[in-house]
Amino acid sequence: MAAFLLYPLAVHPPPPLLVCASSRARCALSKQGHRLLSSLDPNDPSTNDRLIRKFVASSSKSLALTTLSHLLSTTTNNNSDLSSFALPMYRRISETSWFKWNSKTVADVVALLLKNGQFAEAEMLISDSIGKLCPNQDITLFYCDLIESCSKQGLKEQVFEYNACLKQILGRSPATIRRCYKSMINGLCMMDLPHDAEGMLEEMRIAGFRPSPFEFRLVLLGYGRSGLFSKMTKVLQHMEDAGCALDTVCANTVLSCYGDHGRLSEMISWIRKMRELDIEFSVRTYNSVLNSCPTITSMLQAPKRLPLSIEGLVNKLSPSSLDEVSLIQELVSSKVLCGILEWSSSEGKLDLHGMHLGSAYLILLQWLDELRARFLAGTVLPLEISVVCGLGKNRSTRGESPIKGMVSEMMFQMNSPLKIDRRNVGRFVARGKAVKDWLC
């Protein structure tokens, strides 16, 4: 990109941020959004412009931004021709009365244009955007967003080009320089260049900046995702030498890297090390472990045949899946369930938000055992017992929740008194006494 872009002739006050934006959003695409995208034709730009203009004009701010987010997401634009509609959608949104410029959104649009070979459009959008920015710091942060967005699209050449542009900007604050390093390290790791990212860590140290646990975790994940576990272990050691304590987030990162490559025996060793170091398990620990267990993952495809107790699950896995048995035993001996189970005289609530399907399944089995133990021990009996599954709002297809479907099937098979709440279809509820009579 030409260096003149760093120093625009027209200077305007820095604009406020767009509240919701870009491919980072996790909202499900609405029915209106589906209808629009299914009616667009890459070979009919005039009709497309009319449809997009009408859609934006008749849509709420949230609906329009969610649809733009869908067009900008790497999942969408890697598998269809929909990416060509991102710029027209963005332009129409920019004409609305509620539009507010946002660096991350523009960076995502630019990266998509570059990926599609629309270099002139990308340069024009960058130039226009920089014209809206006044201080060098704002321009620097915009280039940081460009680096991260281009990294997601695998645009290595542009990533290094924008990094060179950053180095031309003088008078940066220490906080801004740190942000630049963070963006570059993150971008290199997203492009599977962990060795280069580790070199950037060393450059940080030479420049007088101490890498944070976040930067170390990025490099850890980069090496682990590439299956370079000896390198990953060395970075762990460097991290400890630098005084960064090994915490739950970092431990889960290592665990997920082993799991992504099916290294179950290493996962067992690592999860036991977490216990030895007194590192707390979390819901993400469950997610990382159970997503990596092939037998359990296969079983979850048929909810009607799932074992309905931990003992039944272990028996079904033995002896062909002993590694998975060991991992389950490590998980159920943790305190994660107690940390998420709410218990009072009015309600005993289990909230499954944040859990993947395997985690929700195992936690639910643990929960049944925990309820039975509390009832038999004479613990206070809540008026209501509930399981919260959610409505599936964060899925690509709104309203479809695999966890809710699994819980519903399990409750049906066990003749449970827990039924879908009439006032909240993402919640199962029953009287406390009815649940106690059922279990005990």
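### Structural notes on the environment of Thr 140
Residue placement: Thr 140 occurs in helix α8 (residues 136-152). For Thr 140 and Cys 180, which are 40 residues apart along the polypeptide, the C-alpha to C-alpha distance reads 7.7 Å.

### Considering the sheet that holds strand β4 (residues 419-420)
Across the sheet, which stays open at both edges, the 5 strands sit in the order β1-β2-β3-β5-β4 with mixed pairing between neighbours. Of all strands in the sheet, those with a lone pairing partner are β1 (341-343) and β4, marking the two edges. Direction of pairing for β1 relative to strand β2 (residues 347-351): antiparallel, over a ladder of 3 bridges. Looking at the pairing, Leu 341 lines up with Leu 350 of β2. Against the sheet, helix α23 (residues 432-439) touches β3 (384-388) and β5 (427-431), its axis set at about 85 degrees to β5.

### Points about the packing of helix α18 (residues 310-317) against helix α19 (residues 322-332)
Where α18 contacts α19, the axes come no closer than 9 Å and their chain directions differ by 160 degrees. With respect to each other, α18 and α19 are oriented roughly antiparallel. Crossing handedness for the pair α18 and α19: left-handed. For the pair α18 and α19, contact is made by Ile 310, Leu 313, Val 314 and Leu 317 and by Glu 324, Val 325, Ile 328 and Val 332, respectively. When its residues are assigned to classes, the contact of α18 with α19 shows 7 nonpolar, no polar and 1 charged.

Rules used in this analysis
Residues numbered from 1 in each chain as written. Predicted model: local features only at pLDDT ≥ 70, side-chain atom pairs only at ≥ 80, totals over all residues. Heavy atoms only, no water. Helix = DSSP H or I, 4+ residues; strand = E, 2+ residues; numbered from the N terminus. Pairing = 2+ DSSP bridges. Contact = heavy atoms within 4.5 Å. Axes fitted to C-alpha atoms, helices over the stretch in contact; angles between N-to-C directions. Parallel < 35°, antiparallel > 145°, perpendicular 65-115°, else oblique. Left-handed = near helix turned anticlockwise from the far one by under 90°. Nonpolar A, V, L, I, M, F, W, Y, C, P; charged D, E, K, R; others polar.

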